[in-house]
Amino acid sequence: MEKDGFQISVINSVSDWEGLSKQWNELLAKSNSDTIFLSWEWLFSWAECYLNENRKLFVLAVYDDGELIGIAPWYINHVHGKLFTLKQIEFLGAPDAGSDYLDVFIKKGKEKEITTTMYNFLLNDAASYWDCLKLNDIPANSQFLLHFLNKIEDSGKYAEISYSSFCPNIALPKTTEDFMSGLSSNRREQFRRHWKVLKKDSNVNHQSYLSEDIEKGLKEFLNFYKEKSGYWNEQFDSFVQKFAFRSKDKGSIQIDFLSANGNNMTGLLHLRYQNTLLMYLMAVDKAFNPKISIGNILVGLCINKAIDDGFSNYDFLKGTEYYKFHWTNSGKSSVNIIFYQKKIVSILHAIKKFITYTAKIILR
């Protein structure tokens, strides 16, 4: 479909999407939004596990003379109410599985043009597909977000923006000595004291699983996570395994365990992407010596290993857990955007939300 001099294709078939894997990742690498959570392997695995009869694929692919230059990785969620069903555009990868930095990714230098093209397409040719656009966890510095909001304002329309989450991260120095010396004296002393106590009382081992050992490590971690975290479910387990299988040649997963006397005390599932190590999942045996923060010990060991391995960033991903700020006080923010079409069903949904918010204010 031609729009503003570009060609737009709506991908609503999994088989069509599957054939786009190479072009998808090549474009991602050429964009300012390059993250593992937008990779074809991540989102396709997510779709296999979480799309259903109420969630329909709705990916916009924009071409310029045959070259793929923009992708909106979306699906349409049919939100059923008592009186109506709302067709809501959302990001693939959310809300399940804890994806971060979700965005529309576009070839560098083309962000304004392609955002305008997508906006015009949504409000005209594709207007019947959707009632509401709800994009969660989009980076606050997203160029797509900037230009999309400008289009909304220029058109005299309204979008609701709200704070979403904060992802603490560390710019890693060249050496572990520089990293440790950069910590506060209390943080540094606590880590060394807990590590010393742990080694004195137990036969302690830090083990990392990578590449050819990842299948064994992942199985061990998922069993441990299921037992200790309380957050496990079959869909999520399937998603992680599908992603691990699809990305095994890229070394995208690292499993770390800290064990004492042969028993795992805590485990981390990291994602490895370019120069960044991302802490995706943690599980801790809370019954093991509650006076020692074993999770923090493993985090410290993994950060030091990341420095030795040549990573330049360590990302804790979203969450305000206190332990994350033991290690860093910087990070990246994300926001949520809700944009309604001028339709009866959209207006009813907005009124319902307003009544709910008003009731909370009055009652509290």
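Conventions used here
- Residues numbered from 1 in each chain as written.
- Predicted model: local features only at pLDDT ≥ 70, side-chain atom pairs only at ≥ 80, totals over all residues.
- Heavy atoms only, no water.
- Pairing = 2+ DSSP bridges.
- Helix = DSSP H or I, 4+ residues; strand = E, 2+ residues; numbered from the N terminus.
- Axes fitted to C-alpha atoms, helices over the stretch in contact; angles between N-to-C directions.
- Contact = heavy atoms within 4.5 Å.
- Disulfide = S-S within 2.5 Å.
- Buried < 20%, exposed > 50% of the residue type's maximum accessible area, 1.4 Å probe, protein only.
- Lys, Arg positive; Asp, Glu negative; His and termini not counted.
- Salt bridge = Lys/Arg side-chain N within 4 Å of Asp/Glu carboxyl O.
- Polar contact = N/O pair within 3.5 Å; in protein donor to acceptor, adjacent residues only side chain to side chain.

So what exactly am I meant to see when it comes to the sheet that holds strand β15 (residues 313–315) here?
For sheets, the rule is that strands pair by backbone hydrogen bonds, running either parallel or antiparallel. Taken in spatial order, the 11 strands line up as β3-β6-β7-β9-β16-β10-β15-β14-β13-β12-β11 in an open sheet, and their pairing is mixed. On the outer flanks of this sheet lie β3 (55–57) and β11 (204–209), each paired with one strand and no other. Here the strands of the sheet are splayed against their neighbours by 25° on average, with no regard to which way each runs. Looking at chain direction, β11 and strand β12 (residues 253–260) are connected through 6 bridges and run antiparallel. For H206, the partnering residue across the bridge sits in β12 and is L258. Across the sheet, helix α5 (residues 143–154) lies against β6 (74–80), β9 (132–139), β10 (159–171) and β16 (331–340), angled at about 30° from β16, the strand it touches most. The sheet contacts of helix α8 (residues 214–228) involve β11, β12, β13 (263–273) and β14 (276–284), and relative to β12 the element is tilted by about 60°.

Is there a simple way to explain the state of the cysteines in this structure?
Between two cysteines, a covalent bond joining their sulfur atoms is known as a disulfide. Evaluation of the coordinates by the stated rule reveals 0 disulfides. Cysteine C302 shares no disulfide, and the gap to the nearest cysteine sulfur, in C167, comes to 18 Å. What makes C302 buried here is its relative accessible area of 0%.

Any chance you could explain the side chain of D103 here in plain terms?
Along the polypeptide, D103 turns up in the loop between β7 (85–91) and β8 (105–106). Buried charge D103 goes without a salt bridge, the closest partner of opposite sign being K332 at 11 Å. A polar side-chain atom of D103 sits 3.1 Å from a polar atom in the side chain of S33. A polar contact is formed between the side chain of D103 and the side chain of S142, at a distance of 2.9 Å. Sequence-distant contacts of D103, defined by excluding residues within four places in its chain, comprise S33, L38, P73, F91, I138, P139, S142 and F144.

Help me out: how do you make sense of the pairing of β7 in this one?
A regular strand carries its side chains on alternate faces of the sheet. Most of β7 is tucked away: 5 of the 7 residues are buried. Taken together, the 7 bridges between β6 and β7 define a ladder with antiparallel strand orientation. Its bridge partner lying in β7, H80 is registered against T85. Linking two consecutive strands that pair antiparallel, namely β6 and β7, is a turn of 4 residues. Both β7 and β9 contribute to a ladder of 2 bridges, which runs parallel. Looking at the pairing, I89 lines up with L133 of β9.

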